[in-house]
Amino acid sequence: MVKQTVSSPIKLVDYADATGLRGRNLNFLSDMNKEQLMALFRLAEMLEPYTRTGLNLMQGKTLCTLFFEPSTRTRLSTETAMNKLGGTVISESNPLQSSSAAKDESLWDTLRTISQYADILALRHYDDKRVFADLPAATIPVISCGYGHVTHPTQGLLDLYTVWRVKGRFEGLKVLITSPDLSRARSGQSFALGLAQLGADIIYASPKDLPTLPEILEKVKSYGVNVTEVFDPTPEEHDELIMQSDLVYLPGCRIPKGGAERDLYMLYKDTFYIGLEPFERAKKEQGKIIGLMHSLPRFAGEFDFNIDNTEFELYFKQVGFGLPLRMALIVSMVGI
Ligand code: CP
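Cut-offs and rules
- Residues numbered from 1 in each chain as written.
- Predicted model: local features only at pLDDT ≥ 70, side-chain atom pairs only at ≥ 80, totals over all residues.
- Heavy atoms only, no water.
- Helix = DSSP H or I, 4+ residues; strand = E, 2+ residues; numbered from the N terminus.
- Rg over C-alpha atoms; globule rule 2.2 N^0.38 Å.
- Buried < 20%, exposed > 50% of the residue type's maximum accessible area, 1.4 Å probe, protein only.
- Contact = heavy atoms within 4.5 Å.
- Areas by Shrake-Rupley, 256 points an atom, 1.4 Å probe, with all protein chains shown as cover.
- Lys, Arg positive; Asp, Glu negative; His and termini not counted.
- Charge placed at Lys NZ, Arg CZ, Asp CG, Glu CD.
- Domains from an automatic or database assignment.
- Buried area = accessible area lost by both parts, 1.4 Å probe.
- Salt bridge = Lys/Arg side-chain N within 4 Å of Asp/Glu carboxyl O.
- Polar contact = N/O pair within 3.5 Å; in protein donor to acceptor, adjacent residues only side chain to side chain.
- Nonpolar A, V, L, I, M, F, W, Y, C, P; charged D, E, K, R; others polar.
- Near = heavy atom within 4 Å.
- Axes fitted to C-alpha atoms, helices over the stretch in contact; angles between N-to-C directions.
- Left-handed = near helix turned anticlockwise from the far one by under 90°.

Novice: Give me the overall build of the chain: which residues, what numbers.
Specialist: The number of helices and strands found in the chain is 14 helices and 9 strands. Its C-alpha atoms give the chain a radius of gyration of 20 Å, near enough to 20 Å, the size a compact globule of 336 residues would have. Residues classed as buried in the chain amount to 55% of the 336 residues present. Contacts in the chain between residues far apart in sequence, at least 24 positions, make up 75% of those at least 6 positions apart. Surface exposure of the chain reaches about 14,400 Å², of which carbon and sulfur atoms provide 49%. Across the chain, the 36 positively charged side chains and the 41 negatively charged ones have centroids separated by 6 Å.

Now the structure itself:
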């Protein structure tokens, strides 16, 4: 807990230390407790004014980004965060083609090698089991930028930070996490772990054969909040779930075009389509502004893009809040 007194004003470093992240890996959102999460959010808020001008906290430090899967937001915002902090960035965005992984170098050896160039690594990988087996080879802190289907903690953190900045609280909020495939929705898994820890109630909606991962569900329930699973809702029932909620979260589909598992998502896409109507009806009947969140990327047919220009839109605000959040994360993990 960070304490402010008249004789000792709160310093950035106090919040960075209070996150407990210095020198550690970030694998799951549940690696951080409630106080540590709030310290990170307060640090991100302190850094917001510097997302344009920059602040030299990481001079002489190097971030490496190593992405075994495609990305726009996570890689570019992590790199921008380090640039804004005055550090340097080395990047490998297509390792299976252009790194020695293409010559069958193991992830273990790659991590040992990068540890000698960089002070922090941001890693995205399709195989969470491979990552967890080889992570001990890294001697620098590693930020998970998405491992397999199970975890995407920086996305979860920026989603939580958005909720905190927009709503100012977590307790008493009801959040609908809905997807044609929750079983592969790693951003949804991470967001739920944080929401539950911070006191929000969760409703999951999905096809019965593609529910949220049991190990994540068990952990989410262990925080004692109300958790409801709704399977195979009709479009009308789905609209009712939206109207019962304060926030609606769409984890999006993480399977690249051409991937076989993407077909499952497409199979149920129409049933889970989100229109503007329930948002407008909730405002008219209940005076409630329901925020629509999405981890992005999105594609046509998931929801009504006219929501972009309404007060319900939060998904591009999430993108904006991602930058100070990732600056705070780098500062906390490397240390000032
Ligand atoms: N939200 C997210 O992970 O987006 P990218 O795949 O573009 O990084």
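On we go.
Novice: Which residues make up the domain arrangement of the chain, and what values do they have?
Specialist: Under the domain assignment, the chain is made up of domain 1 (12-152 + 322-334) and domain 2 (154-320). The C-alpha centroid of domain 2 is placed 25 Å from the C-alpha centroid of domain 1. Across the boundary between the two partners, domain 1 contributes 36 residues, which contact 37 residues of domain 2. Regarding the contact of domain 1 and domain 2, the summed buried area is about 2,900 Å², with carbon and sulfur atoms giving 60% of it. Sorting the residues of domain 1 by area buried against domain 2 places Leu-29, His-149 and His-152 first, and these three jointly supply 26% of that buried surface. Counting across the interface, domain 1 meets domain 2 through 3 salt bridges. Measuring nitrogen to oxygen at the nearest pair gives 2.9 Å for the salt bridge that ties Glu-69 to Arg-186. Viewed at the interface, domain 2 and domain 1 are joined by 17 residue pairs in polar contact (both at pLDDT 80 or more). With 8 residues, the single largest contributor to the side of domain 1 that touches domain 2 is helix α2 (residues 34-47). Taken together, the residues that form the side of domain 1 that touches domain 2 break down as 17 nonpolar, 11 polar and 8 charged.

Novice: Which residues make up the site of the ligand, and what values do they have?
Specialist: Looking at the ligand, the residues that line it are Ser-71, Thr-72, Arg-73, Thr-74, Arg-124, His-152, Gln-155, Ser-295 and Leu-296. Interatomic distance of 2.6 Å between a side-chain N/O atom of Thr-74 and an oxygen atom of the ligand. Gln-155 has a polar side-chain atom sitting 2.9 Å from a nitrogen atom of the ligand. Isolated, the ligand exposes 250 Å² of accessible area, and the fraction of that covered by the protein chains is 91%. Partitioned by chemical class, the residues of the shell around the ligand number 1 nonpolar, 6 polar and 2 charged. When residues of the shell around the ligand are assigned to domains, at least three fall in each of domain 1 (12-152 + 322-334) and domain 2 (154-320).

Novice: Break down the packing of α2 against helix α14 (residues 315-334) for me, with residues and values.
Specialist: Two elements in contact, α2 and α14, have axes separated by 8 Å at closest approach and are oriented at 115 degrees. Note on packing geometry: the crossing formed by α2 with α14 is right-handed. On α14, the residues that touch Leu-40, Phe-41, Leu-43, Ala-44 and Leu-47 of α2 are Pro-324, Leu-325, Met-327, Ala-328, Leu-329, Val-331 and Ser-332. Of the residues assigned to the contact of α2 with α14, the class counts are 11 nonpolar, 1 polar and no charged.

Novice: For the environment of Ser-91, give the residues involved together with the corresponding values.
Specialist: With respect to the element layout, Ser-91 can be found in strand β2 (residues 88-92). When the C-alpha atoms of Ser-91 and Leu-63 are compared, they prove to be 8.2 Å apart, with 28 residues separating the residues in sequence.

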